[in-house]
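# Commentary on secondary and tertiary structure
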Amino acid sequence: MIVMWILFALFFVVYALKIFPLWLVLSVWATGLSIFLLIKNKLPSLKYIIISVILAFIAGISFFGYFHSFNLQMIITGIPCLLASLAVFSVMEKCSGYQLIKTDKKLSPLFSVLIGIGTGTVLGLINLLLGKNSMTADFGISFSRILVSLNPGIHEEITYRAIFMALFIYLFSLKEEAPSKFQLFTMWFMMSAPHCLSHGYPLFQSLILLVLFSLPFTFLQRKRDLASAMISHTLVDLIRFIVFGLPV
């Protein structure tokens, strides 16, 4: 636990001083955690290896909708996403504690999709209200906008959030007693704060985004499943891109 707080302190220093791109620092951090978990838990089953490759491919190729050509960003995104996906699914299979999509009841997968759509729609509308005074409307629906919106829904939810959940679930599984409140707080904090700060907004604005967006996505991952959070996050960005266009 202490190590994670030290790493976060270093990450916050980078955030405050703007030394390096925060998304790159967080990707390196997530890659390190992924390698650690893969060493400890090995690769997941073939099914989840295939799913990991598919998710990483989509996360990487999504930048094609932005650059309209192959770009180094695809590799920089795809590799951490692949490693994080493998690590997340490896811990999921060996330690349990979370699911890709809930299957305990017949209609559970459908409910996860509907929860993701409902949450994403509400948060997406809130996002529009927050951006209406700082962005110019550029309404349109295109393949590029849809494709790019898949990146945050997959990459950020897996590489920047779920990897922290997997780490703590693994660490908790090593202990005989239940995790303490401080340990649980640390897990929720690490699943929410680094991802939120990685966008590079001022601290107060980052805190607002943490409460309005990062925490709800974290809640979906912890209390429902990964799929609902991924769908919700994708929809939030898709609504923004449809109304305001892709970022310049």
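Residues numbered from 1 in each chain as written. Predicted model: local features only at pLDDT ≥ 70, side-chain atom pairs only at ≥ 80, totals over all residues. Heavy atoms only, no water.

## Quick look at the pattern of salt bridges
To keep things clear, this is the line we draw: What counts as a salt bridge is simple: a side-chain nitrogen of Lys or Arg found within 4 Å of a carboxyl oxygen of Asp or Glu. The buried label applies to any residue whose accessible area, calculated with a 1.4 Å probe on protein chains only, is under 20% of its type's maximum; exposed applies above 50%, and partly exposed to all values in between.
All told, the structure shown has 3 salt bridges when counted by the stated rule. Between Arg145 and Asp138 there is a salt bridge, with the nearest N and O atoms lying 3.3 Å from each other. By relative accessible area, which is 40% here, Asp138 ends up partly exposed. Note that Glu177 is salt-bridged to Lys175, the shortest N-O span being 3.8 Å. Exposure remark for Lys175: the relative accessible area of 28% places this residue in the partly exposed category.

## So, the nonpolar core
Keep this limit in mind: For our purposes a nonpolar core is just a set of buried Ala, Val, Leu, Ile, Met, Phe, Trp, Tyr and Cys residues, chained together by side-chain atoms within 4.5 Å. The helix count covers DSSP runs of H or I at least four residues long, the strand count covers runs of E at least two residues long, and both are numbered beginning at the N terminus.
Within the largest apolar cluster, 54 residues are counted, with the highest numbers of intra-cluster contacts made by Trp29, Tyr98, Ile163, Phe164 and Leu226. Ranked by residues supplied to this core, first place goes to helix 7 (residues 143–173) with 13 residues. Grouped together as the second largest cluster of nonpolar side chains are 6 residues, Leu128, Leu238, Ile239 and Phe244 included.

## Here we look at the packing of helix 6 (residues 108–131) against helix 10 (residues 226–244)
Pairs of packed helices are described in terms of their axes, by the angle between the two and the distance that separates them. Filter applied, for reference: To obtain an axis, a line is fitted to C-alpha atoms, over the contacting stretch when the element is a helix, and the angle between two such axes runs from 0 to 180 degrees between their N-to-C directions. A crossing counts as left-handed when the near helix is turned anticlockwise from the far one by less than a right angle, and as right-handed when that turn is clockwise. We call two residues in contact whenever any of their non-hydrogen atoms come within 4.5 Å of each other. When residues are sorted by character, Ala, Val, Leu, Ile, Met, Phe, Trp, Tyr, Cys and Pro go into the nonpolar class, Asp, Glu, Lys and Arg into the charged class, and all the rest, Gly among them, into the polar class.
Between helix 6 and helix 10, the shortest axis-to-axis distance is 7 Å and the interhelical angle comes to 35°. Every pair of crossing elements has a handedness; the one defined by helix 6 and helix 10 is right-handed. Between helix 6, through Ser112, Val113, Gly116, Ile117, Thr119, Gly120, Thr121, Leu123, Gly124, Asn127, Leu128 and Gly131, and helix 10, the contact on the second element is made entirely by Ser228, Ile231, Ser232, Leu235, Val236, Ile239, Arg240, Val243 and Phe244. Taken together, the residues that form the contact of helix 6 with helix 10 break down as 10 nonpolar, 10 polar and 1 charged.

Interpretation note: all reported values are geometric properties and have no functional meaning in isolation.
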